Every structure is written in structure tokens, then in C-alpha cells.
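Inside the fold
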Amino acid sequence: MQPETGHNETGVIQLPSPTAWPMVLALGLSLILAGMVTHIVIAILGLLLTVAGSVGWFLQVLPHEAHEGSLVHTEEVEVVSSRTLIERLPTDEMHRKILPITTFQISTGIKGGIAGGIAMTVPAGIFSVLRYHSFWYATNLLAAGGFVSWASASNAFLGQFHLQGAIAALIIHGLTSLLVGLLYGAMLPMFPRYPILTAGLVAPLLFTGILYSALGIVSPILNQRIDWFYFVLSQIAFGLVCGWVVNLHEKVRTPQFRALPFAIRAGLHTDLGTPKPEPSVREDESR
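Note on numbering: residues in each chain are counted from 1, in written sequence order. Given that this is a predicted model, residues contribute local features only at a pLDDT of at least 70 and side-chain atom pairs are listed and counted only at 80 or more, while totals for whole chains, interfaces and linings are drawn from all residues. As a rule here, side-chain values cover all heavy atoms of the structure and leave hydrogens and water aside.

1. Re the overall build of the protein chain
For the purposes of this entry, the term helix denotes a DSSP run of H or I that reaches at least four residues, the term strand denotes a run of E that reaches at least two, and both are numbered from the N terminus. Within the protein chain, the secondary structure is distributed over 12 helices and 4 strands. For every residue, the accessible area (1.4 Å probe, protein chains only) is compared with the maximum for its type, and the residue is labelled buried under 20%, exposed over 50%, or partly exposed between those bounds. Considering the protein chain as a whole, with its 287 residues, one finds that 28% of them fall into the buried category. In what follows, a contact means two residues having at least one pair of non-hydrogen atoms within 4.5 Å. In the protein chain, 69% of the contacts between residues at least 6 apart in sequence involve partners at least 24 apart. For the accessible areas, the method is Shrake-Rupley and the probe is 1.4 Å, while residue cover comes only from the protein chains on display. With the model as given, the accessible surface of the protein chain reaches about 20600 Å², and the carbon-plus-sulfur share is 66%.

Written out as C-alpha cells, the structure reads:
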């Protein structure tokens, strides 16, 4: 018979009895595994502990779980909060919900990220050639964030071609471009007017502001030698090209659109959303 576990009149509840057999079983299994790589005596000892732990644990719970009484002291606790309650007004029937019924595919954001990443290299390359007479300076400067030994590299070193620097810069620039491209694919449907210009100018400025405050931690060498004018120019080039490429693609239906009534999805005219007269107006009309 299963013992009672509830709270009785004497203020005592039945709890499962504590047992050490599970730890004995775990120790036995550990010694068996240890004996495979050390000595057979250890494995035999582990086997004995495993059998003893299993039998002891089974007897602890079979045929009935062992319990022991524990005293309970009850006390009523009044929960007091300084937060105030605000009565929510019922939602009006004419309340309009803004649902994203169309959006771009994920592949569209990837294509936009690739195109924007290529466009971004143009201002960066112009800066590198005009300032340091080498296209590889900007490439190595971007890759320097991943190499600690390049923290104090000279301009002459950064102006030379380095295979590991080119690979690191390609990985960093490629992944960042793809991620930002996906972000553009999700953001553009949210801008009702001139999405390419809005996303192409606002998003780069926001991203530059965030990077300006964190670049000293992410890449100190890039923070010391970066030219913010060309950097912002590169960001704008990315935003405009990426937004333009993304906007060329057709949008697809979202699950929110498929959840709408059939009449709306079919484009039929319904009374959904038609204003209903106020009760007082309806009463006057009935008179």
C-alpha cells in the first residue's frame, strides 16, 4: 500500500527517505570503467559495488517506496507589492492590426548581402590606394583584428599581400555582409516609403554609431587606423546596393496572410472593417 504523502492533522508529511545507494551504484560503474584501463581488481570492486548499489536501491523503492515523516510548520505569508494595477480598456472592434502579410525570402537577403559586400569594397579600396598606395592595406587592416601578432604591424607590412590576411578578411567581411543582408531583407518591408534610401542611409549610420563605441574592444588596431569618412561611405554603399538588390525580388506570403479569412485572401469585398454605428445612433434610427 502506498503511504500517504499529504499533510495530515499532526503537521507531519511523508517524504521519500534519503538513500546513498545511487551514489554507490555510480561509484561502482565508474570503477568498472576505470578498471578497463587500469587493473581488473578495480573492475571487480566496481562490479561488487554496482550489484550492491542496485540491490540496495531496488529494495529502497520496491515493492513500496520508503518514506519518513517530516514536521511541517505552516505560516500565512501576505504578499505585498508596490506595483499599481492599470485597467486595460477593451480593444475596439475597429482596432486595426498591422500584420506583415508579405516579406522577402531568406535567399533574397543573402543575395543582397553579397552584392552589398562587393560594393562596399570600392570605397575601401579607393581609401587604401589613395592613402597607402596598396589595395591590400584595407584588407589586412580588417584581418588584423583576428591576429594578435599584427597589433603593432607597420603600414608597410599591412600594405603587402598576405595569404592568411586575405583569407581572414574574406571570412570576416563575407559573414558580416551575409548577416547584414539578411537583416536588410527583414527590415525593408517595414519601411513604407523609399525603403532603399531609408534603409540605405539610416541603417549604416546606426551601425556606424554602434561600431564606433565598440570598435576599441573588437579590434584595437582597426580602431587606431580607421578612416571614418571612408568607413561611413562604405556602409552607405553597402546599404544602397543591398537594398536595391533586395527590392528587385518578389515578396512571398507570410503565415499571417494564410491565417486571414478566405474572403480577404481571395480579394473579395466584405463587411470586415466596416464601421458600425454607435448604440445611441442605432436607437435613434429605429425610432
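Back to the text.
2. Looking at the side chain of Ser134
Looking at the element boundaries, Ser134 is found in the loop between helix H3 (106-132) and helix H4 (136-143). When its relative accessible area of 11% is taken as the criterion, Ser134 is described as buried. N or O atoms within 3.5 Å of each other form a polar contact, as long as, within protein, one can give a hydrogen and the other can take it, and as long as residues adjacent in sequence are counted only when both atoms are side-chain atoms. At 2.5 Å, the side chain of Ser134 forms a polar contact with the backbone oxygen of Gly159. If we ignore the near neighbours within four places in the chain, the residues touching Ser134 are Ser128, Val129 and Gly159.

3. With respect to helix H1 (residues 21-37)
The length a helix should cover is 1.5 Å for every residue beyond the first. Spanning 17 residues, H1 covers 25 Å between terminal C-alpha atoms, matching the ideal 24 Å at 1.5 Å per step. Within the sequence span of H1, burial applies to Leu25, Gly28, Leu31 and Gly35. Taken end-on, H1 shows its buried residues confined to a sector of 125°, consistent with a single buried face. Exposed positions of H1 whose direction lies more than 90 degrees from the buried face are Met23, Leu33, Met36 and Val37. On its buried side, H1 packs onto helix H2 (40-61). The directions considered for the arc are those from the helix axis to the C-beta atoms.

4. Re the UniProt feature "transmembrane region" (unreviewed entry) in the protein chain
UniProt's feature table lists "transmembrane region" (unreviewed entry) at residues 20-49, 135-153, 165-184, 196-222 and 228-248, given in the numbering used throughout. Within the segment residues 20-49, helix and strand shares are 90% and 0% respectively, and the terminal C-alpha atoms sit 12 Å apart. As annotated, residues 165-184 comprises 100% helix and 0% strand, and the C-alpha atoms at either end are separated by 28 Å. UniProt positions are given in the numbering used here, feature names are shortened, and annotations may be inferred rather than shown by experiment.

5. Topic: the confidence of the model for the protein chain
One number per residue, pLDDT, summarises how confident the predictor is, and it ranges from 0 to 100. For the protein chain, per-residue confidence averages 79 on the pLDDT scale, and residues scoring 70 or more make up 84% of the total. Throughout residues 1-7 the model reports pLDDT below 50, and contacts reaching past four residues in sequence, or to other chains, amount to 17 contacts. Below a pLDDT of 50 lies the segment residues 272-287, which in the model reaches 6 contacts outside its immediate sequence neighbourhood of four places, other chains included.

6. Section: the nonpolar core
Counting residues in hydrophobic clusters, the biggest one holds 17 residues, and the most contacted among them are Leu141, Trp150 and Leu158. If you list the elements that add at least two residues to this core, you get H4, helix H6 (163-187), helix H7 (195-218), helix H8 (220-225) and helix H9 (228-248). In terms of residue count, H4 provides more of this core than any other element does, 3 residues in total. By convention a nonpolar core is built from buried Ala, Val, Leu, Ile, Met, Phe, Trp, Tyr and Cys residues, the set being connected through side-chain atoms within 4.5 Å. Formed by 10 residues, the second largest nonpolar core is a distinct cluster that contains Phe104, Met120, Ala203 and Phe238.

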